[in-house]
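Breakdown of the fold
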Amino acid sequence: MREVLKILEQDARTSPAQIAAMTGLAEDEVRRLIAEWERSGVIRRYKTVVDWERFGEEKVYAYIDVSVAPERGAGFDDVASRIYRYPEVRSVMLVSGGHDLRVVVEGAGIKEVANFVAEKLAPLDRVTATNTHFLLKRYKDDGDIFVESDSDHRLMVAP
Amino acid sequence: MKPLNQVVSATPPSGIRRLFDIASQMQDVISLGVGEPDFVTPWRIREAAIYALERGYTTYTSNAGLLELREAVCSLQRALYGVEYDPQQETLITVGVSEGLDLALRAIVNPGDEVILLEPCYVSYQPNILFAGGTPVPVASRAEEGFRLRPEAVEAAVTPRTKAIMLCYPNNPTGATQSRVDLQAVVDIAVKHDLYLISDEIYDRLTYVGRHTCVASLEGARERTVLLNGFSKAYAMTGWRIAYACAPRPIAALMTKIHQYTMLCAPHIAQRAALEATLNGENDVREMVADYDRRRRFFVRGLNAIGLDCVEPTGAFYAFPSVRRTGLTSEQFAERLLQEERVAVVPGNAFGASGEGCVRCSYATSMAQLEEALARMRRFMERNRVFAEQEAKATTG
């Protein structure tokens, strides 16, 4: 069962028939499992990993460390939810260490991202400091390597 | 000039060679002919080798190999199969299982001794026996029986000259594994007739159904067994040429003597890499094995669906389907499939006469390539199966 998720995590377009062949489960069973996971939220959604730079579109990403003064009873959840509702925010995570929230923001240019930080993020109640890092080069993201790939150096036929 | 060595001269070249020459000349070939993993060596292992280079580990090691590595492989064998070997006196790091095989045969065989080998098997066994001065005695296994080991056939092949039996499970080329009961029966034969056992277990970790049985762990086996294993398949380290042999002290001593005079030691950097593999490579092995298993199920089902009848391979990364529905020989099939559909497979007779009628397909290649290969093979089968059926009609009618 876990096997089915592992396969889909690698390639969401693997068909139920293929998954059935790969796991030895019946195709109907695979369909049923997937439907159930889609319903229960184990499978959140299916998406495509796009290399926008290769497509020719420049995007700017910023990793922003946000310090928050927590409030009794609310913790960080309320501030986090005010931040993650912005569509330009790609991710928000509560982290340990010198800062509290790590926010990833996507924009068409540095100015756009800088404006977002200055006008939306920094003035939020209880946000005490922000520290913005712009992404310079993406080597590997969420398990996918964005630079060179290892090619097959094997001989055509080998014993 | 005087004639060169007659044994080597008389040994035919590998049956894989000719096909390789044709395939290398062609474009857009999907190769299912490769007997090695499609993974690159896991990064942690490559990184350990780079670090070893930086540290200047560029010298010889002791003949038997780094003691740390010998200790690590002994611990691994103990943890996996409960077999105990002394890293000091019973363990040797070799340049691939290929070298271990050669050492074992040369340490055991006297001129004229017979060595039983269970075919179909790896292409090196016969030549290695011949080079060691022995006489190969093939015992066939059959596709109809799922390439099951036949202890009664093994015993029937024993003569007063028999010295050793060679085993390789999981098997290249059939992908077959064997039951503990059948393996024990072969060990019993070895005990009864006082024979040595040479067990090539390079594919041990690539066992998909049940658990691997280490021959040395069977009752009565240890004192007469040379256990050969290595890093090539489990850790995707074929090009590093690094493996090991475990054997009781008298055999290990002789093997080490040959190794000492012919090889000196296995490459130091590869030994450092192998040490990292043994100590920290377990997760990588599991991931790769899980991946092979998915492709195995997918590919075998695909083969059976297009009329290339295939017993379920339970180990290694090969399927060994029968081509009889086409009416072609293994070689004709492989050559025509390559010419007409640009898919390379290895004719089964390259692995011994009993491999005739089958071809070896390696599924150590990407899912996308496997899918495309199956589509091309389906086209080929649609053309050639019809032909075979017409032929059959013509001969019966």
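Definitions and cut-offs
Residues numbered from 1 in each chain as written. Chains lettered and ligands numbered in written order. Predicted model: local features only at pLDDT ≥ 70, side-chain atom pairs only at ≥ 80, totals over all residues. Heavy atoms only, no water. Helix = DSSP H or I, 4+ residues; strand = E, 2+ residues; numbered from the N terminus. Rg over C-alpha atoms; globule rule 2.2 N^0.38 Å. Buried < 20%, exposed > 50% of the residue type's maximum accessible area, 1.4 Å probe, protein only. Contact = heavy atoms within 4.5 Å. Lys, Arg positive; Asp, Glu negative; His and termini not counted. Charge placed at Lys NZ, Arg CZ, Asp CG, Glu CD. Areas by Shrake-Rupley, 256 points an atom, 1.4 Å probe, with all protein chains shown as cover. Pairing = 2+ DSSP bridges. Domains from an automatic or database assignment. Disulfide = S-S within 2.5 Å. Buried area = accessible area lost by both parts, 1.4 Å probe. Salt bridge = Lys/Arg side-chain N within 4 Å of Asp/Glu carboxyl O. Arc of directions from axis to C-beta. Polar contact = N/O pair within 3.5 Å; in protein donor to acceptor, adjacent residues only side chain to side chain. Axes fitted to C-alpha atoms, helices over the stretch in contact; angles between N-to-C directions. Parallel < 35°, antiparallel > 145°, perpendicular 65-115°, else oblique.

**Side note on the overall build of chain A**
If you tally the helices and strands in chain A, you get six helices and six strands. Starting at the N terminus, the α and β elements of chain A follow one another as α-α-α-α-β-α-β-β-α-β-β-β. Computed over the C-alpha atoms, the radius of gyration of chain A is 21 Å, more than 25% above the 15 Å expected from 2.2 N^0.38 for a compact globule of 159 residues. Its C-alpha atoms give chain A principal-axis dimensions of about 60 × 40 × 30 Å. Counting all 159 residues of chain A, 31% fall into the buried class. Partitioning the contacts of chain A with sequence separation of at least 6, the portion at a separation of at least 24 is 57%. Computing the positive centroid from 23 side-chain charges and the negative centroid from 28, chain A places the two 2 Å apart.

**Quick look at the overall build of chain B**
What chain B contains, in helices and strands, is 13 helices and 12 strands. Taken against the 2.2 N^0.38 rule, which gives 21 Å for 397 residues, the C-alpha radius of gyration of chain B at 21 Å falls within 12% of a compact globule. Here the C-alpha coordinates of chain B stretch approximately 70 × 55 × 50 Å along the principal axes. For chain B, buried positions account for 59% of its 397 residues. Looking at chain B alone, contacts between residues at least 24 apart form 77% of all its contacts between residues at least 6 apart. Surface accessibility of chain B: about 16700 Å² in total, with carbon and sulfur atoms responsible for 52%. Where the 42 positive side-chain charges of chain B centre and where its 46 negative ones centre are 1 Å apart.

**A short note on the sheet that holds strand β12 (residues 359–362) of chain B**
Residues and elements named next belong to chain B. Across the sheet, three strands lie side by side as β9-β12-β11; this open sheet has antiparallel pairing. Taken across any chain shown, the strands that pair with only one partner, and hence form the sheet edges, are β9 (318–319) and β11 (346–347). Relative to β12, β11 runs antiparallel, the two sharing two bridges. The residue bridging V346 from the neighbouring strand is R360, located in β12.

**Comments concerning the domain arrangement of chain A**
The assigned domain composition of chain A is domain 1 (2–40) and domain 2 (58–136). When each unit is reduced to the centre of its C-alpha atoms, the spacing between domain 1 of chain A and domain 2 of chain A is 36 Å.

**What about the state of the cysteines?**
Residues and elements named next belong to chain B. This structure, assessed with the given rule, holds zero disulfides over all chains. Summary of cysteine pairing: C358 is not part of a disulfide, and the nearest cysteine sulfur, belonging to C310, is at 8.5 Å. Free cysteine C361: the closest other cysteine sulfur is in C310, separated by 7.6 Å.

**Comments concerning the interface of chain B and chain A**
Taken residue by residue, the interface counts 33 residues in chain B and 18 residues in chain A. At the boundary of chain B with chain A, total buried surface from both sides reaches about 2100 Å², with 56% on carbon and sulfur atoms. The largest contributions to the chain B side of the interface with chain A come from F20(B), R294(B) and R301(B), which together make up 29% of the buried area. Where chain B packs against chain A, one counts two salt bridges.

**Section: helix α1 (residues 2–10) of chain A**
Of the residues making up α1(A), those classed as buried are V4(A), I7(A) and L8(A). In an axial view of α1(A), the angular spread of the buried residues amounts to 95 degrees, which keeps them on one side of the axis. Pointing more than 90 degrees away from the buried face of α1(A) are the exposed residues R2(A), E9(A) and Q10(A). Residues of α1(A) that are buried make contact with α2 (16–23) and α3 (27–40) of chain A together with α11 (282–305) of chain B.

**Let's talk about the domain arrangement of chain B**
When the parts of a complex come together, some accessible area is lost, and that lost area is often used as the size of the interface. All names here are of chain B. Here the domain parsing of chain B yields domain 1 (6–41 + 283–381) and domain 2 (43–281). Put simply, the middle of domain 1 and the middle of domain 2, counted by C-alpha atoms, are 24 Å apart. Taken together, the two surfaces of domain 1 and domain 2 that pack against each other cover about 3000 Å², and 63% of this comes from carbon and sulfur. Seen at the junction of domain 1 and domain 2, the total is one salt bridge. Put simply, domain 1 and domain 2 have 21 residue pairs in polar contact (both at pLDDT 80 or more) between them. When contributions to the side of domain 1 that touches domain 2 are tallied by element, the ones reaching two or more residues are α1 (6–10), α11 and β9. In terms of residue count, the dominant contributor to the side of domain 1 that touches domain 2 is α11 (eight residues).

**Quick notes on the side chain of Q77(B)**
All names here are of chain B. Note that Q77 resides in helix α4 (residues 67–81). Residue Q77 is classed as buried on the basis of its relative accessible area, which comes to 1%. The residues touching Q77, leaving out its near neighbours within four places in the chain, are G82, V83, D204, C214, L227, N229 and Y244.

**Focus: the packing of α2(A) against α11(B)**
Two quantities define a packed helix pair, namely the angle between the helix axes and the distance between the axes. Viewed as axis vectors pointing N to C, α2(A) and α11(B) meet at an angle of 105 degrees, and their least axial separation amounts to 6 Å. It follows that α2(A) is roughly perpendicular to α11(B) by the angle criterion. Contact residues: α2(A) offers Q18(A), A20(A), A21(A), M22(A) and T23(A), while α11(B) offers D293(B), R294(B), R297(B), F298(B) and R301(B).

**Examining unusual backbone geometry**
Residue and element names in this part refer to chain B. Going from E119 to P120, the amide bond is cis rather than trans, its omega being -5 degrees. Along the chain, P120 falls in the loop between β3 (114–119) and α6 (125–131). Y169 connects to P170 through a cis peptide bond whose omega is -5 degrees. If you trace the backbone, P170 turns up in the loop between β5 (162–167) and α8 (180–192).

**Here we look at the pattern of salt bridges**
Counted according to the given criterion, the structure contains 43 salt bridges over all chains. R336(B) is paired through a salt bridge with E340(B); the nearest N and O atoms lie 3.0 Å apart. Pair noted here: R336(B) and E340(B) are both in helix α12 (residues 330–341), with a separation of four residues, about one helical turn. The class for R336(B) is partly exposed, based on a relative accessible area of 29%. Notably, a salt bridge pairs E341(B) with R383(B), separated by 3.1 Å at the nearest N-O pair. Highlighted residues: E341(B) in helix α12 and R383(B) in helix α13 (residues 367–396), separated in sequence by 42 residues. The exposure class of E341(B) is buried, given its relative accessible area of 3%. A network of salt bridges, in which partner residues are shared, links E3(A), D38(B), D291(B), R294(B) and R295(B).

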